[in-house]
Amino acid sequence: MMKKMKYVLVTGGVVSGLGKGVTASSIGLLLKACNLRVTTIKIDPYLNSDAGTMSPFEHGEVYVLDDGGEVDLDLGNYERFLDIKLTRDNNITTGKIYQAVIEKERRGDYLGKTVQVVPHITDAIQEWIERAAMIPVDGQPGPADVCVIELGGTIGDIESMPFIEALGQFSYRVGVGNFCLIHVSLVPVLNAVGEQKTKPTQHSVRGLRGLGLAPNILACRSTLELDENVKMKLSQFCHVQAENIITLYDVPNIWRIPLLLRDQKAHEAIFRVLNLQGTTREPNLKEWTSRADICDMLHEPVRIAMVGKYTGLSDSYLSVIKALLHASVARRKKLVVDWVPACDLENEMAKENPDAYKVAWKLLKGADGILVPGGFGERGVEGKILAAKYAREHRVPFLGICLGMQVAVIEFARSVLGFQDANSTEFDTNTKKPCVIFMPEGSKTHMGGTMRLGSRRTYFQVMDCKSAKLYGNKSFIDERHRHRYEVNPDMVSRLEEAGLSFTGKDETGQRMEIVELPNHPYYIGAQFHPEFKSRPGKPSALFLGLIAAACGQLDALLQGHKLPNGLGTGIPIQKVNVYQNGNVAKFAKIAADGIYTHY
């Protein structure tokens, strides 16, 4: 008989932005540490089909999955905390549900019935949850033991009503012992009184109950731990046992939240509700704890200037910040991000707002490393080009991602090749020197899901380069993409003759994936987004290189990834072909340690 899937639903009340995503990720991690296999689903009640067309100001960054799904940034938290690979079906939106139901109606699947929110939309939601929960996401065969579902928004939002109704029905459908509801709520402290107020949570739980869902566990966000009398009051008014009320109080870094949950025995509360007592072990969070401890103890700073367009909202670059953090903790440095609005570096700003111009340049010049992340649209591009120029000329460690790589190429063409009007056709359709061009596989008329998206393979063209060494001398890597424009292959030979090196290309040799300046301490651009695959215990190679270079540790780091002098004796050799400059180059793989070299 097939074991029944267990479901943990995380909802939020009172205000948005309480940290439901981090709470859901932390719960998943805690359950995983108890030897359970965990998968996750994020429900976003907006009508967009996916997050792809939304501005980062609107909803934070757009996170990209291996299968090319453009999803909510919370799925990035799940992947990082749980070290799993999710699919586009793990993100449910109102748009996706209605689209699926309308397509069925057009096909005639409802046989003349009036199609309504209940039961048709609510059934479609439940079916989607059950289907997505069965997808293996941890590399092992078969479904997980527990599915953590996060319902976006706040209880009472008009958009989430069909989902609340569906989840109420779903809890009855899967039965007692298979469904646990955790409600994340706010317990504010009023300055005038200095007292923890329970009324907002009481109202929120009452609203939830009125919609047919009763919380099993309360996770209360507060600046300090809940007083015992406050817990008793909440227990009384919200009908939740006192031992099932957990405080999510402020901690120095988010890696402490799973430890906070463990210390308050959240896993035991969940196991009581899900009838899992005796089937699991005590949570093993040894490695996680030591990483959180190290993070808190770091004091020697490494300053990275983030030259971007959406610097007003740090969530716009959430994965980039996390990747920088993973790398800096691995190199034992305290990360300091200096936000530099790209527009403020431009010459016009010197006239319009000289103070902002001065501050931006001071931050850029004071940084140990410069990072230009991805982005869309023309605003701030000239500022990004100036940042790349400064990094190149002053030998400051530089990492350009997606558009960041493209601006590095444009700057090189302008400054070194003397092509003053070098540009991307994205910003100047009539440029005489198109360094960056529109890709044939994209669409100019439809915005959603029409880019080069998801995991694609990059082949190293030379092994004796920083990027190949940082990736452990593999002959190829798989990284996630999200872009419409790319380096013009017709310009590549001119750029390479002038000293730029395209060290990574796709299998055709026509798409430029990694660019480096060999005679620079660290100057790398990547067309892909390495930040999406960075994990707390496994930092992204290019971010690790940037941080190491920014604090003078790059040589020491690269020593660990040396190319072998000889192939050794008695080690099995596997011969592989790799595309190099459009031709097949021969490499040999030393199977014992996954290192490649020429043969």
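Sequence order as written defines the numbering, with residues in each chain counted from 1. Residue-level local features of this predicted model are given only where pLDDT is at least 70; pairs of side-chain atoms are given and counted only at 80 or more, and the full residue set underlies all totals for whole chains, interfaces and linings. For side-chain calculations, the full set of non-hydrogen atoms in the structure is used, while hydrogens and water are omitted.

Caption draft 1: Fine view of the overall build of the protein. Along its length, the protein carries 20 helices and 26 strands. Its C-alpha atoms give the protein principal-axis dimensions of roughly 75 × 60 × 55 Å. Here's how the labels work: a residue is buried when its accessible area is under 20% of the maximum for its type, exposed when over 50%, partly exposed in between, all with a 1.4 Å probe on protein chains only. Buried positions account for 57% of the 599 residues belonging to the protein. Long-range contacts, defined as pairs at least 24 residues apart, comprise 71% of the intrachain contacts of the protein with a sequence gap of at least 6. Taking the average location of the 70 positive side-chain charges in the protein and that of its 67 negative ones, the two points are 3 Å from each other. Helical segments are the DSSP runs of H or I of at least four residues, strand segments are the runs of E of at least two, and each set is numbered from the N terminus. In this description, contact between two residues means that some pair of their heavy atoms is separated by no more than 4.5 Å. Residues counted as positive are Lys and Arg, residues counted as negative are Asp and Glu, and His and the chain ends are not counted. Every charge is mapped to an atom, namely NZ of Lys, CZ of Arg, CG of Asp or CD of Glu.

Caption draft 2: Broad picture of helix α1 (residues 20-33). Between the first and last residue of a helix there are one fewer steps than residues, each counted as 1.5 Å, and that sum is the expected span. Here α1 is 14 residues long and its end C-alpha atoms lie 20 Å apart, about the 20 Å a rise of 1.5 Å per residue gives. With 13 of 14 residues buried, α1 is to be regarded as a mostly interior element. Looking at the residues trailing α1, positive phi occurs at Asn 35, about 75°.

Caption draft 3: Looking closely at the environment of Phe 57. For Phe 57, the position within the fold is in helix α2 (residues 56-59). With 256 residues separating them along the chain, Phe 57 and Leu 313 place their C-alpha atoms 6.6 Å apart. Beyond its immediate stretch of four places on either side in the chain, Phe 57 contacts Lys 309, Tyr 310, Leu 313, Ser 316 and Arg 379.

Caption draft 4: Spatial organisation of the pattern of salt bridges. By definition, a salt bridge exists where a carboxyl oxygen of Asp or Glu is found within 4 Å of a side-chain nitrogen of Lys or Arg. Evaluation of the coordinates by the stated rule reveals 33 salt bridges. Among the ionic pairs, Arg 452 bridges to Glu 513, the shortest N-O distance being 3.0 Å. Taken as a pair, Arg 452 in strand β18 (residues 452-460) and Glu 513 in strand β22 (residues 512-516) lie far apart in primary sequence, 61 residues in all. Glu 513 gets classed as buried once you look at its relative accessible area, which sits at 0%. With a shortest N-O distance of 3.0 Å, Asp 464 and Lys 469 are connected by a salt bridge. One network of salt bridges, with partners in common, ties together Asp 66, Glu 79, Asp 83, Lys 85, Arg 480, Arg 535 and Lys 538.

Caption draft 5: Looking closely at the sheet that holds strand β1 (residues 6-12). Paired strands are those between which DSSP finds at least two bridges. Pairing within the open sheet is parallel, and its seven strands lie in the order β5-β2-β6-β1-β7-β10-β11. This sheet does not close on itself; its edge strands, each paired only once, are β5 (91-93) and β11 (245-249). Each neighbouring strand pair of the sheet contributes to a mean axis angle of 20°, computed without reference to strand direction. Here five bridges tie β1 to strand β6 (residues 146-151), and the two strands are oriented parallel to one another. Considered in β6, the bridge of Val 10 is made with Glu 150. Here the axes come from fitting lines to C-alpha atoms, over the contacting stretch only for helices, and the angles between their N-to-C directions go from 0 to 180 degrees. The strands that α1 touches are β1, β2 (38-44), β6, β7 (179-186) and β11; relative to β6, the one it contacts most, it runs at about 175°.

Caption draft 6: Representation of the sheet that holds strand β14 (residues 369-372) within the structure. Across the sheet, nine strands lie side by side as β13-β12-β14-β15-β23-β22-β21-β18-β19; this open sheet has mixed pairing. Single-partner strands in this sheet number two, and they are β13 (334-341) and β19 (476-483). Here the average twist between neighbouring strands, direction ignored, is 25°. When β14 meets strand β15 (residues 398-401), the two strands line up parallel, connected through three bridges. Pairing of Ile 370 across the sheet is with Phe 398, part of β15. Contacts from helix α16 (residues 403-415) reach β14, β15, β21 (501-505), β22 and β23 (523-526) within the one sheet, and its direction differs from that of β15 by about 115°.

Caption draft 7: Expanded view of the domain arrangement of the protein. Per the domain assignment, the segments of the protein are domain 1 (6-292) and domain 2 (298-559). With 23 residues of domain 1 at the contact, the number on the domain 2 side is 30 residues. Put simply, buried area is the surface a 1.4 Å probe can reach on two separate parts but cannot reach once they are joined, added for both. For the pairing of domain 1 and domain 2, the buried interface totals around 2,300 Å² over both sides, and the portion due to carbon and sulfur atoms is 58%. Connecting domain 1 to domain 2 are six salt bridges. In this structure, Arg 480 and Glu 79 form a salt bridge, with 2.9 Å as the shortest nitrogen-oxygen distance. Two N or O atoms form a polar contact when they lie within 3.5 Å of each other; inside protein one atom must be a possible hydrogen donor and the other a possible acceptor, and for residues adjacent in sequence the pair counts only when both atoms belong to side chains. Remark: the boundary between domain 1 and domain 2 carries 13 residue pairs in polar contact (both at pLDDT 80 or more). Where the side of domain 1 that touches domain 2 is concerned, the elements lending two or more residues are α2, β3 (63-64), α3 (74-82) and α11 (286-297). Domain borders in the structure are assigned automatically or taken from a domain database.

Caption draft 8: Inspection of helix α14 (residues 354-366) at higher detail. In a regular helix each residue adds 1.5 Å, so 13 residues correspond to 18 Å; α14 covers 18 Å between its end C-alpha atoms and thus fits that length. What α14 keeps buried is the set Ala 356, Ala 360, Trp 361 and Leu 364. Along the long axis of α14, the arc covered by the buried residues comes to 125°, so they all point the same way. Of the residues in α14, the exposed ones pointing more than 90 degrees away from the buried face are Asp 355, Lys 358, Lys 362 and Lys 365. Elements in contact with the buried residues of α14: β12 (301-308), β13, β14 and α15 (381-393). The directions considered for the arc run from the helix axis to the C-beta atoms.

Caption draft 9: Broad picture of the nonpolar core. Judged by nonpolar contacts, the single largest core of 55 residues is most densely connected at Val 8, Ile 27, Leu 31 and Ile 270. In terms of residues, this core owes the most to one element, α1, which gives seven residues. Composition of this core by domain shows at least three residues from each of domain 1 (6-292) and domain 2 (298-559). Setting aside residues up to four positions removed in sequence, Ile 270 forms contacts with Val 8, Ile 27, Leu 31, Cys 180, Ile 182 and Ile 217. Nonpolar cores were defined as sets of buried Ala, Val, Leu, Ile, Met, Phe, Trp, Tyr and Cys residues, with membership established by side-chain atoms within 4.5 Å. Counting residues in hydrophobic clusters, the runner-up holds 43 residues, among them Val 381, Ala 388, Val 492 and Val 515.

Caption draft 10: Examining the packing of helix α12 (residues 318-330) against helix α19 (residues 541-550) more closely. Between α12 and α19, the shortest axis-to-axis distance is 8 Å and the interhelical angle comes to 60°. The angle between α12 and α19 places the two elements in the oblique class. Handedness of the α12/α19 crossing: right-handed. On the side of α12, the interface is formed by Val 320, Ala 323, Leu 324, Ala 327, Ser 328 and Ala 330, while α19 contributes Phe 543, Leu 544, Leu 546 and Ile 547. Grouping the constituent residues of the contact of α12 with α19 by class yields nine nonpolar, one polar and no charged. Angular relationships are summarised with four words: roughly parallel below 35 degrees, roughly antiparallel beyond 145, roughly perpendicular across 65 to 115, and oblique for the angles in between. Here a crossing is called left-handed whenever its near helix is offset anticlockwise from the far helix by less than a right angle, and right-handed whenever the offset is clockwise. Throughout this entry, Asp, Glu, Lys and Arg are counted as charged residues, while Ala, Val, Leu, Ile, Met, Phe, Trp, Tyr, Cys and Pro are counted as nonpolar. The remaining residues, Gly among them, count as polar.

Caption draft 11: Representation of the packing of aromatic side chains. Here a Phe, Tyr or Trp ring, Trp counted by its six-membered ring, pairs with any other such ring whose centre lies within 6.5 Å, and the pair is stacked when the planes are under 30 degrees apart, edge-to-face when over 60, and tilted otherwise. Taken as a whole, this structure holds twelve aromatic pairs when the rule is applied. With a centroid separation of 6.4 Å and an interplanar angle of 65°, the aromatic rings of Trp 255 and Trp 288 are classed as edge-to-face. Here Trp 288 lies in helix α11 and Trp 255 lies in the loop between β11 and α9 (257-263), a separation of 33 residues in the sequence. Just as Trp 255 is buried, Trp 288 falls in that class too. Aromatic pair Phe 438 and Tyr 485: ring centres 5.3 Å apart, planes at 75°, arrangement edge-to-face. One end of the pair, Phe 438, is in strand β17 (residues 433-438); the other, Tyr 485, is in strand β20 (residues 485-487), and 47 residues separate them in sequence. Among the aromatic residues, those joined into a cluster by ring pairs are Tyr 7, Phe 170 and Phe 179. Over the ring of Trp 128 we find Arg 131; its NZ or CZ atom is 4.8 Å from the centre of that ring. Directly above the ring of Phe 419 sits Lys 433, whose terminal nitrogen or CZ lies 4.9 Å from the centroid. Charge over a ring is defined by NZ of Lys or CZ of Arg lying within 6 Å of the ring centre and within 35 degrees of the ring normal.

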